[in-house]
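In case you want the letters, here they are:
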Amino acid sequence: MLGWLGDLGRLFWGLLYWNLRKALFRLRGASGPAPCQHPSDSGLGGKTGCEACIGWRDPARFRRLCPLLATAADDRRVCSADASAVRPFWGRAVLLYAGSSAALALAAVLVCFSAFWAIGYRVPLHVVAWPPAWPRIRLARADYFYRMALRAIAEGQVRQSYLALSQAYMLDPDNLNAALLLAQYTQFANPDYSDSIYSRLVLGRRGNFEDAAQLWLRALLARGDFPSVGGLSSAMLRNGTKHVLAWTQALLFAERMDGDPAVVDRLLAGSAKVPDEARSVLSLVRAVRGGSAADQARILAIYMAGATTAFEAYYSLGRLTEAGQGSAVVAFLEGPSGGVLSPYDRESLKLDAYASLGWGVMVRKEIDSLLDKGATVPVATILSRHLVRYPDAENAGRVFGLLDQRPLPATVGFAAAHTALMCMAGVNGLDGRMRQEADTMGKIVGGGFPSRGRVLDFFEDRSPGKSALAMLPALPELPLEMVYALIAHYRAAAPEARPAGGQPRP
């Protein structure tokens, strides 16, 4: 082995050294003794010793460097060519160096490729072999950390998942799934950073940006950042959205909470095309702003009579209820015109109108009717929202009594309904039932309901002036209607407006 390694080293340096000396010898006219032959010999072929092969263990290996080597009758190593015929063999040098380089490169590529896959980097072989494609290795590393984050999330390792997501996002900001998860992870601990990620996804219209915008909306609502809610909703309406009604509702809710009409006014006055349905409702809001209850009721009645869409009718009916015109709302809903609304909206408006009029018997009849064939997620949401907007411990107890006869399944698909019912029970002071629903949530998520203590402490605290913002971040499963209802119920004061990182402004 040592002899082979020694000859290999002599071969690699000898290809350059002896070929270069031979080339210079030829340039000088090939006169006199050749540089590779023994200087004391005659210089004749077959009789002159080979100076270059001294020290080689195996003559056959030397012939790869110079094929002129021969063996005399006395076993002496001689040069088969006369001194004047000695010449370099550059072709052999080029082939040997090129082949060796290619073999080394292939070996290095295979070693690197194997190492990457052993680590967990799912990088194709051609990316490792082709230098211009090496930037894709960074993307493979990002994918590795993203998959690590998913495993950590599944195992409940919060810190490890956050660190892995941060690394994935740093390596590949265009990994939209990693970016969205990181924005959700940091939306309360580091809201400015989270907002900058959401802004990049939503305002840059990357991937499924509408889903990202809805997650951002929930984060802003849970933080009570109503100026940003208004800015995001306005941006979505200006730039085109599939969910026009939802963003219009979010914009109007933000205005009611922070009392700033500027966002709505700028949207209506701007040159951007706002969907007609949204513009119509926003114009109504501006028309009734600041008026007395009687003036508002008059304008709303006129507007409702000319409403051409379900959303226009729904919004005007809701505002009429708030203006003390519940009887007009009931008459509309029970008449032929009520058919313009979906059953969900019709029941929601009807319950609120009955409660505003003090018609408790009618409210109970509606509750019985809705739960007659068993509860669904929409029915549980309607009843929970209503009993947060119009708390009534007796009616809340009636809901739970009927649910006991046909219980909601304790499955993931009903998590939103159980969360809504838990909050409704808390608002109405039904602490025992609230704890029961919290236990059900624990069964659904497995391993206990992580936010149980925080939620129960909030509702069982009877201190006046508390804000739902202290509890909402712990309930990501809560339906959006319930988020609005809880914030409004507890009269959550809008915090000081802050320029959130990447926060959209009209």
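Residues numbered from 1 in each chain as written. Predicted model: local features only at pLDDT ≥ 70, side-chain atom pairs only at ≥ 80, totals over all residues. Heavy atoms only, no water.

## Regarding the pattern of salt bridges
And then number 1: Tallied over the entire structure, the rule returns 18 salt bridges.
And then number 2: Across the pair aspartate 404 and arginine 433 runs a salt bridge whose closest N-O atoms are separated by 2.7 Å. You can see aspartate 404 sitting in helix 20 (residues 393-405) and its partner arginine 433 sitting in helix 22 (residues 431-445), a full 29 residues away along the chain.
And then number 3: Bridged by salt links that share partners, the residues Arg256, Arg319, Glu322, Asp352, Arg385 and Arg389 form one connected network. (Salt bridge = Lys/Arg side-chain N within 4 Å of Asp/Glu carboxyl O. Helix = DSSP H or I, 4+ residues; strand = E, 2+ residues; numbered from the N terminus.)

## Notes on the environment of alanine 23
And then number 1: Mapped onto the fold, alanine 23 is located in helix 1 (residues 2-27).
And then number 2: For the pair alanine 23 and valine 86, spaced 63 residues apart in sequence, the C-alpha to C-alpha distance is 9.3 Å.
And then number 3: Apart from residues lying up to four places away in sequence, alanine 23 is in contact with Pro88 and Trp90. (Contact = heavy atoms within 4.5 Å.)

## Points about the side chain of lysine 466
And then number 1: Here lysine 466 is to be found in the loop between helix 23 (452-460) and helix 24 (480-489).
And then number 2: Only 2.4 Å separates the side chain of lysine 466 from the backbone oxygen of phenylalanine 458, close enough to count as a polar contact.
And then number 3: From its side chain, lysine 466 meets the backbone oxygen of aspartate 461 in a polar contact 2.5 Å long.
And then number 4: Apart from residues lying up to four places away in sequence, lysine 466 is in contact with Phe458, Phe459, Asp461 and Tyr490. (Polar contact = N/O pair within 3.5 Å; in protein donor to acceptor, adjacent residues only side chain to side chain.)

## Thoughts on the nonpolar core
And then number 1: Ranked by internal contacts, the top residues of the largest apolar core, which has 128 residues, are Leu221, Val399, Phe459, Leu472 and Leu486.
And then number 2: Considering each element in turn, this core owes the most residues, nine residues, to helix 21 (residues 415-427).
And then number 3: The residues contacting leucine 221, other than those within four sequence positions of it, are Phe226, Val229, Phe253, Leu469, Leu480, Val483, Tyr484 and Ile487. (Core = buried A, V, L, I, M, F, W, Y, C linked by side-chain atoms within 4.5 Å. Buried < 20%, exposed > 50% of the residue type's maximum accessible area, 1.4 Å probe, protein only.)

## Quick notes on the packing of helix 13 (residues 276-288) against helix 15 (residues 310-322)
And then number 1: It is the contact of helix 13 with helix 15, at a shortest axis distance of 9 Å, that shows an interaxial angle of 20°. What the angle tells us is that helix 13 and helix 15 run roughly parallel. Where helix 13 crosses over helix 15, the handedness of that crossing is right-handed. Residues Glu277, Ser280, Val281, Leu284, Val285 and Val288 of helix 13 touch helix 15, and the partners they reach there are Phe311, Glu312, Tyr315, Ser316 and Arg319.
And then number 2: Residue composition of the contact of helix 13 with helix 15, grouped by class: six nonpolar, two polar and three charged. (Axes fitted to C-alpha atoms, helices over the stretch in contact; angles between N-to-C directions. Parallel < 35°, antiparallel > 145°, perpendicular 65-115°, else oblique. Left-handed = near helix turned anticlockwise from the far one by under 90°. Nonpolar A, V, L, I, M, F, W, Y, C, P; charged D, E, K, R; others polar.)

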